[in-house]
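# Breakdown of the fold
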Amino acid sequence: MALSRFEYVKQFEQEEKLLPNSWIVVRIDGKGFHRFCSVHSFSKPNDLDALQLMNLAGMTVMQEFNEIAIAYGQSDEYSFVFRREASVYQRRRDKLVSYVASLFTSAYMFHWKRIFDHRAVAMRYPPSFDARAVLYPTDENLRDYLSWRQADVHVNNLYNTTFWNLVASGLSNAEAEKRLQGTLASDKNEILFSQFGINYNNEPVMYRKGTILLPKSVNADGKKQRFIVPLFEDLIGDAFWAKHPEIMDKKAKPDSVYELDEQKTQPVILYQLEVQDRRKAGMSKAESNAKVTLESDGSLN
Ligand SMILES: Nc1nc2c(ncn2[C@@H]2O[C@H](COP(=O)(O)OP(=O)(O)OP(=O)(O)O)[C@@H](O)[C@H]2O)c(=O)[nH]1
Ligand SMILES: [Mg+2]
C-alpha cells in the first residue's frame, strides 16, 4: 500500500535505548502522596494496609516482567531492578518506564478493595505515580542504590516514629519538630525508650526495613512453581546477597526450592495462592464440563 503523504511525521519520533549490559532500575513514586494518605486517613507514620497494597501492586509488576531480579518498596515508592541482559522492549526507555508506571497504578487500583474493604475506605480520587529509569553499570553501584533506599527507610522511620509519639504525647507538630532538631539516631532511640517505653528494634520489621520482593521457586500445593515472595530483611550487609545469589547471577541455585515460612500470611502470598485455587477450580470445572459433554455425546449413540 502506498504511504500517505502524512507518513513522514513518523521520523520525528525519537527512541532512546537504555545502555546494554547495565542494571536498569525503574523507580515509581506516588504523586502528592502526602495528600493522598491524609485524604484516605492512612495511619501515621505507617499504615500497614497501605504498605501491603503497594506490595501487591509491586507483585503484579514483577509477575509481568520475568527479567526483574529484585524489587524494593518503602513508603510511596517501589524500585524494580531489571537484569543487565534484559531485552524487554529492546530496552526502549519510554516504553518500559511508562508501562511499569501504568501497570503499577492500575494494579494499585485493582487491589484496593481487597485491602481496604474491611476499613470501608473508598477511593476518593485516582492516585498516580511518576517513574524514572536509572542505569547502574556495576554490581556494587546496584547494591549501593538499594542500600541507599533501605537506609532512607531507617532514617525516615526512626524520625517519624519518634515525631508521632511526641505528638501523641501532647506536643504540637512544631514543638515535636523543635525537640528533634539536631538529634542523632541514638537520641531518638533514647527518647522512644525512656519516654514511651518503645524499643525501636521491636517495631515491625516491614516498617524498619521496607519490603523486598524476589521471584522464587516455592512448593505450593505439592508442586514447584514461581511465586513472588516478600522478604523483610537487611540488604545492606553481605549476608542477604550470599543467601540469594540468583539476584546477581541468574544461573545460581536454579533448582533450589524456597521454603515459605512466616510469609504465608502475607497478602502477596495469600493472593497468589488464591489465584492458583481459582485456576484449579476453573480447570476442574472445565474438566467436568468436558466429561458431561463426552457423556452426553456418548448417550446420543
Ligand atoms: N500516613 C501515612 N503517610 C504515608 C505513608 N507512606 C507514605 N506516606 C506519605 O507519603 C509521603 C511520601 O513522600 P514523598 O514522595 O516525598 O512526598 P509526596 O507528597 O508523594 O510528593 P511527590 O512525590 O513529590 O509528589 C510521605 O511524606 C508521607 O506523607 C504511610 O504509611 N502512612
Ligand atoms: Mg511521592
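Residues numbered from 1 in each chain as written. Chains lettered and ligands numbered in written order. Predicted model: local features only at pLDDT ≥ 70, side-chain atom pairs only at ≥ 80, totals over all residues.

- An unreviewed UniProt entry lists the protein under the name Probable tRNA(His) guanylyltransferase, with Anopheles farauti as the source organism.
- Quoted straight from UniProt, the Sequence similarities (unreviewed entry) entry for the protein says "Belongs to the tRNA(His) guanylyltransferase family."
- As recorded by UniProt, the Subunit (unreviewed entry) comment attached to the protein reads in full: "Homotetramer. Interacts with MFN1 and MFN2; functions as a guanyl-nucleotide exchange factor/GEF for MFN2 and also probably MFN1." (UniProt positions renumbered as here; feature names shortened; annotations may be inferred.)

### A few points about the overall build of the protein
- Scanning the protein from terminus to terminus reveals nine helices and six strands.
- Its C-alpha atoms give the protein principal-axis dimensions of roughly 85 × 60 × 45 Å.
- Taken over 301 residues, the protein has a buried fraction of 27%.
- Here the analysis covers contacts within the protein between residues at least 6 apart in sequence; of these, 70% occur between residues at least 24 apart. (Helix = DSSP H or I, 4+ residues; strand = E, 2+ residues; numbered from the N terminus. Buried ≥ 20, exposed ≤ 12 C-beta atoms within 10 Å, placed from the backbone. Contact = placed C-beta atoms within 7 Å.)

### Points about helix H4 (residues 139–168)
- Taking 1.5 Å as the rise per residue, H4 with 30 residues should run 44 Å; its terminal C-alpha atoms sit 43 Å apart, in good agreement.
- Along H4, the positions that sit buried rather than exposed are Leu142, Leu146, Gln150, Val153, Asn157, Thr161, Thr162, Phe163 and Leu166.
- Of the residues trailing H4, Gly170 is marked for its positive phi of about 120°. (Expected span 1.5 Å × (residues − 1).)

### Considering the nonpolar core
- Of all hydrophobic cores here, the largest spans 49 residues; its most connected members are Ala71, Phe80, Val81, Val100 and Phe104.
- Those residues within four positions of Val100 in sequence are excluded, and the remaining contacts are Val26, Ile28, Val61, Phe80 and Ala131. (Core = buried A, V, L, I, M, F, W, Y, C linked by C-beta atoms within 7 Å.)

### Quick word on the site of ligand 1
- Close contacts around ligand 1 come from 17 residues, with Phe33, His34, Cys37, Phe42 and Asp47 the closest.
- For the shell around ligand 1, the elements supplying multiple residues, two or more each, are strand E1 (23–30), helix H1 (33–39) and helix H2 (48–64).
- Take the shell around ligand 1: its biggest share by element is three residues, from H1.
- Each residue belonging to the shell around ligand 1 can be placed in one class, and the counts come to six nonpolar, six polar and five charged. (Near = placed C-beta within 6 Å. Nonpolar A, V, L, I, M, F, W, Y, C, P; charged D, E, K, R; others polar.)

### Notes on the pairing of strand E6 (residues 223–231)
- The pairing of strand E5 (residues 211–220) with E6 spans nine bridges and is antiparallel. The partner of Ala220 across the bridge, within E6, is Lys223.
- The hairpin formed by E5 and E6 contains two residues between the paired strands, and Asp221 there has a positive phi angle of roughly 60°. (Pairing = 2+ DSSP bridges.)

### Section: the UniProt feature "domain: Thg1 C-terminal" (unreviewed entry) in the protein
- Using the residue numbers shown here, the UniProt feature "domain: Thg1 C-terminal" (unreviewed entry) corresponds to residues 140–223.
- The distance separating the terminal C-alpha atoms of residues 140–223 is 36 Å; by composition the span is 64% helix and 13% strand.

### Some remarks on the packing of H4 against helix H6 (residues 185–196)
- Viewed as axis vectors pointing N to C, H4 and H6 meet at an angle of 35°, and their least axial separation amounts to 10 Å. With respect to the hand of their crossing, H4 and H6 are arranged in left-handed fashion. On H6, the residues that touch Leu158, Tyr159, Thr161, Thr162 and Asn165 of H4 are Ala185, Lys188, Ile191, Leu192 and Phe196.
- Each residue belonging to the contact of H4 with H6 can be placed in one class, and the counts come to six nonpolar, three polar and one charged. (Axes fitted to C-alpha atoms, helices over the stretch in contact; angles between N-to-C directions. Left-handed = near helix turned anticlockwise from the far one by under 90°.)

### Quick notes on the sheet that holds E1
- Spatially, the six strands line up as an open sheet ordered E4-E1-E3-E2-E5-E6, and their pairing is antiparallel. Among the strands making up the open sheet, the edge pair consists of strand E4 (129–136) and E6. The sheet shows a mean angle of 25° between the axes of neighbouring strands, direction not considered.
- Across eight bridges, E1 lies against E4 in antiparallel orientation. Looking at the pairing, Asp29 lines up with Asp130 of E4.

### Notes on the pairing of strand E3 (residues 77–82)
- For E3, the tally of buried residues reaches five of six residues, placing the bulk of the element in the interior.
- Bridge count between E1 and E3: six bridges; the pairing is antiparallel. When the sheet's bridge partners are listed, Ile28 is paired in E3 with Tyr78.
- The pairing of strand E2 (residues 68–74) with E3 spans six bridges and is antiparallel. Its bridge partner lying in E3, Gln74 is registered against Glu77.

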